[in-house]
Amino acid sequence: MAKLKILVAPDPLLKQKAHPVTEVTDEIRTILDDMLETMYAAPGIGLAATQVGIDKRLVVMDLANTEEGEEPAPMKFINPEIISLSEEEAVLEEGCLSVPEFYEDVIRPAKCKVKALNENGEEFITEGEGLLAACLQHEIDHLDGELFIDHLSRVKRAMIIKKLIKIKKHQTVKM
Ligand code: GNR
Ligand code: NI
């Protein structure tokens, strides 16, 4: 297992549309495990391969509240695709490991249905609402080069990017 480096906006790699996985191999299963390790260490509830500079349509998530005693519930998605979205919308405060320290309300379809492959290359469908729906859409957005701040007003987005650039300028390289 290896912990990967999470890219922080603005980074041109975060704006790239990731390519589908053509074959589910041991290499893919290793990347998914490394992504889970990276996500748990961050900590976060989801992570897309784009965020760790890997150009593949891979997502991991775990929405279990382990602080409340729930067992970890890792989820792995290969080539996830939204197959339906509700007309009804919902607002949820989102954060992102690639937009650290900023939390904003995002309006999205309240429910979604996603088709993906599991780590054995078998197709499955997940249907969700609430945090699961928001997280699935947030992660699939990453694979398409979109961040949650792209759902905010231009003014809010520009303000956040400006602050992130300022923070980066003041950072010294970690050795
Ligand atoms: O850790 C995360 N929390 C979160 C909260 C609300 C909606 C989406 C998320 S995903 C985020 C981790 C992340 O950046 N995934 O891409
Ligand atoms: Ni994110």
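Just so it is clear, the structure is predicted and the values come from calculations on it, not from any experiment. Here the residue index of a chain counts from 1 through its sequence in written order. Numbering of ligands from 1 and lettering of chains from A proceed in the order in which they are written. Confidence filtering applies because this is a predicted model: local features only for residues at pLDDT of at least 70, side-chain atom pairs given and counted only at 80 or more, and all residues used for totals across whole chains, interfaces and linings. Processing note: side-chain calculations cover all non-hydrogen atoms of the structure and skip hydrogens and water entirely.

A. Focus on the environment of Ala134. A run of H or I in DSSP becomes a helix once it reaches four residues, and a run of E becomes a strand once it reaches two; helices and strands are each numbered from the N terminus. Counting through the fold element by element, Ala134 comes out in helix H2 (residues 130-143). By relative accessible area, which is 9% here, Ala134 ends up buried. For the pair Ala134 and Pro109, spaced 25 residues apart in sequence, the C-alpha to C-alpha distance is 8.0 Å. We call two residues contacting when some pair of their heavy atoms lies within 4.5 Å. Every residue in contact with Ala134, bar those within four places of it in the chain, is listed here: Leu92, Glu94 and Arg108. Only protein chains enter the area calculation, which uses a 1.4 Å probe; residues under 20% of their type maximum are buried, those over 50% are exposed, and those in between are partly exposed.

B. Looking closely at the site of ligand 1. Throughout this document, a residue counts as near a molecule or strand when at least one of its heavy atoms sits within 4 Å of that molecule or strand. Taken together, Gly44, Ile45, Gly46, Gln51, Glu93, Glu94, Gly95, Cys96, Leu97, His138, Glu139 and His142 make up the full set of residues near ligand 1. In the environment of ligand 1, an oxygen atom lies 3.2 Å from a nitrogen or oxygen atom belonging to the side chain of His138. Here the accessible surface of atoms and residues is derived via Shrake-Rupley with a 1.4 Å probe, and residues count as covered only by protein chains that are part of the display. For ligand 1, the protein covers 90% of the area, taking 390 Å² as the surface of the free molecule. Any residue with an atom within 4 Å of a point lines the site, the site being either a cavity, points on a 1 Å grid over the protein atoms alone where a 1.4 Å probe fits but cannot get out, or a pocket, an open set with protein on both sides within 12 Å along at least 5 of 7 lines. Whether a molecule lies in a cavity or pocket depends on its atoms, and more than half of them have to be within 2 Å of the grid points. Structurally, ligand 1 is housed in the largest pocket. Counting residues per element, the ones that place at least two in the shell around ligand 1 are strand E4 (89-94) and H2. The definition of a polar contact used here is a pair of N or O atoms within 3.5 Å, where within protein one atom must be able to donate a hydrogen and the other to accept one, and adjacent residues in sequence count solely through side-chain atom pairs.

C. Broad picture of the layout of surface pockets. Grid points are joined across faces, edges and corners, and a volume is the space filled by probe spheres set on the points. In this structure, the largest pocket spans a volume of roughly 1700 Å³. Contributing to the lining of the largest pocket are 47 residues, with Ile6, Ala42, Cys96, Leu97 and Pro100 lying nearest its centre. Going through the elements one at a time, helix H1 (26-41), strand E1 (46-48), E4, H2 and helix H3 (154-169) are the ones with two or more residues in the lining of the largest pocket. For the lining of the largest pocket, the element with the most residues is H2, which contributes 6 residues.

D. The pairing of strand E2 (residues 58-61), seen in detail. Judged by which residues are buried, E2 turns out to be covered on both faces: Leu58 and Val60 on one side and Val59 and Met61 on the other are all buried. We treat two strands as partners when DSSP finds at least two bridges between them. One ladder, built from 4 bridges, connects E2 with strand E3 (residues 75-85); its direction is antiparallel. Among the inter-strand pairings, Val60 is bridged to a residue of E3, identified as Lys76.

E. Main features of the coordination of the nickel ion (ligand 2). Around the nickel ion (ligand 2), the protein contributes the donor atoms Cys96 (SG), His138 (NE2) and His142 (NE2), at 2.1 to 2.3 Å from the metal centre. Binding-site remark: the nickel ion (ligand 2) is held by donors from one chain whose sequence spacing is C-x41-H-x3-H. Taken as a pair, Cys96 in the loop between E4 and strand E5 (104-109) and His138 in helix H2 lie far apart in primary sequence, 42 residues in all. Residue classification places His138 among the buried positions, given a relative accessible area of 8%. Here the coordinating atoms are restricted to nitrogen, oxygen and sulfur within 2.8 Å of the metal centre, or 3.2 Å for Na, K and Ca, and because water is not among them the sites may look incomplete.

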